[in-house]
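# What the coordinates show
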Amino acid sequence: MYKVFSSYDKVEFAGKRVAKFIAFMKAAQEMIHDYEERARALRASVEGKNVELEQSMTSLPGDYDGIKTALNQFKDYKKADKTRWIAEQADLSVLFSTIQMKMKSMNRPAYVPPAGLSISELEECLNQLTETERKVRSALNAQMRSVLDGLRHAFADPANSTFDALTKFKMVLSNETDPSTLESQVAELQGLAPQL
């Protein structure tokens, strides 16, 4: 009886070990699947935004309201999407480390993600996006300076012409002349009037 019960204990112990191993493998596969799905989604989002930003530099708005709207949209994107992607990359890094620890604890080979989904490749993808963002920000700021310079000229040039005309009016009106030349002053002022 001892041998029979002893063999049952061995079978039961072996069964528990197999069940534990199967549960571990299932949990590990679920974590790996989760990591790969999220890493693919992150990479697709980042690469898509990178292309979108590069294309946006070819058609920057030429008016003040348009460029201001573009700058605000860029700031909003950085506050929302970019912040979320950085947090997701950090979460994926933690998940990747957890997978590696689980594999090591069960003497399994280290997990190697598919091409393009490793932590370093995701980080490089985000770094490339950051570089594109610098170029876009620089282009937007340069365009804003150009638009403001155009607005300044659009205001300053007529203002300077008006100032010059008013100065001439003032000179004509300040000339002390006898009443006989009053008609010539009126004619001269009428000649200056179109300059305003």
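Now for a description of the structure that goes with this document. Per chain, residue numbering runs from 1 following the sequence as it is written. Under the rules for a predicted model, residues below a pLDDT of 70 receive no local features and side-chain atom pairs below 80 are neither given nor counted, while totals for whole chains, interfaces and linings still include all residues. To get the side-chain values, take all heavy atoms of the structure and skip hydrogens and water.

## Describing helix 2 (residues 64-105)
- Elements are defined by DSSP. Helices are runs of H or I of four residues or more, strands are runs of E of two residues or more, and each kind is numbered from the N terminus. Multiply 1.5 Å by the residue count of a helix minus one, and that product is the helix's expected span. Taking 1.5 Å of rise per residue, 42 residues should cover 62 Å, and helix 2 covers 60 Å from first to last C-alpha, within 8% of that figure.
- Along helix 2, the sharpest change in direction is near 35 degrees and occurs at Lys-78.
- Looking one or two residues past helix 2, Asn-107 carries a phi angle of roughly 55 degrees, positive in sign. A residue's bend is given by the angle between axes fitted to the 7 residues ending at it and the 7 residues starting at it.

## Here's the deal with the pattern of salt bridges
- Criterion for a salt bridge: a side-chain nitrogen of Lys or Arg within 4 Å of a carboxyl oxygen of Asp or Glu. In this structure the tally under the stated criterion is nine salt bridges.
- One salt bridge in this structure joins Lys-78 and Glu-133, with 3.7 Å as the shortest N-O distance. You can see Lys-78 sitting in helix 2 and its partner Glu-133 sitting in helix 3 (residues 119-174), a full 55 residues away along the chain.
- Residue exposure (1.4 Å probe, protein chains only): buried if accessible area is under 20% of the type maximum, exposed if over 50%, otherwise partly exposed. Taking the relative accessible area as the measure of exposure, Lys-78 reaches 29% and is therefore partly exposed.
- Close ionic contact of Arg-134 with Glu-131 constitutes a salt bridge, the shortest N to O distance being 2.7 Å. Taken together, the residues Arg-134 and Glu-131, both in helix 3 and three residues apart, mark about one turn of the helix.
- Of the residues examined, Glu-131 reaches a relative accessible area of 36% and is grouped as partly exposed.
- Several salt bridges share partner residues, and in doing so they unite Asp-34, Arg-38 and Glu-88 into one network.

Nothing here speaks to function; it is all geometry.
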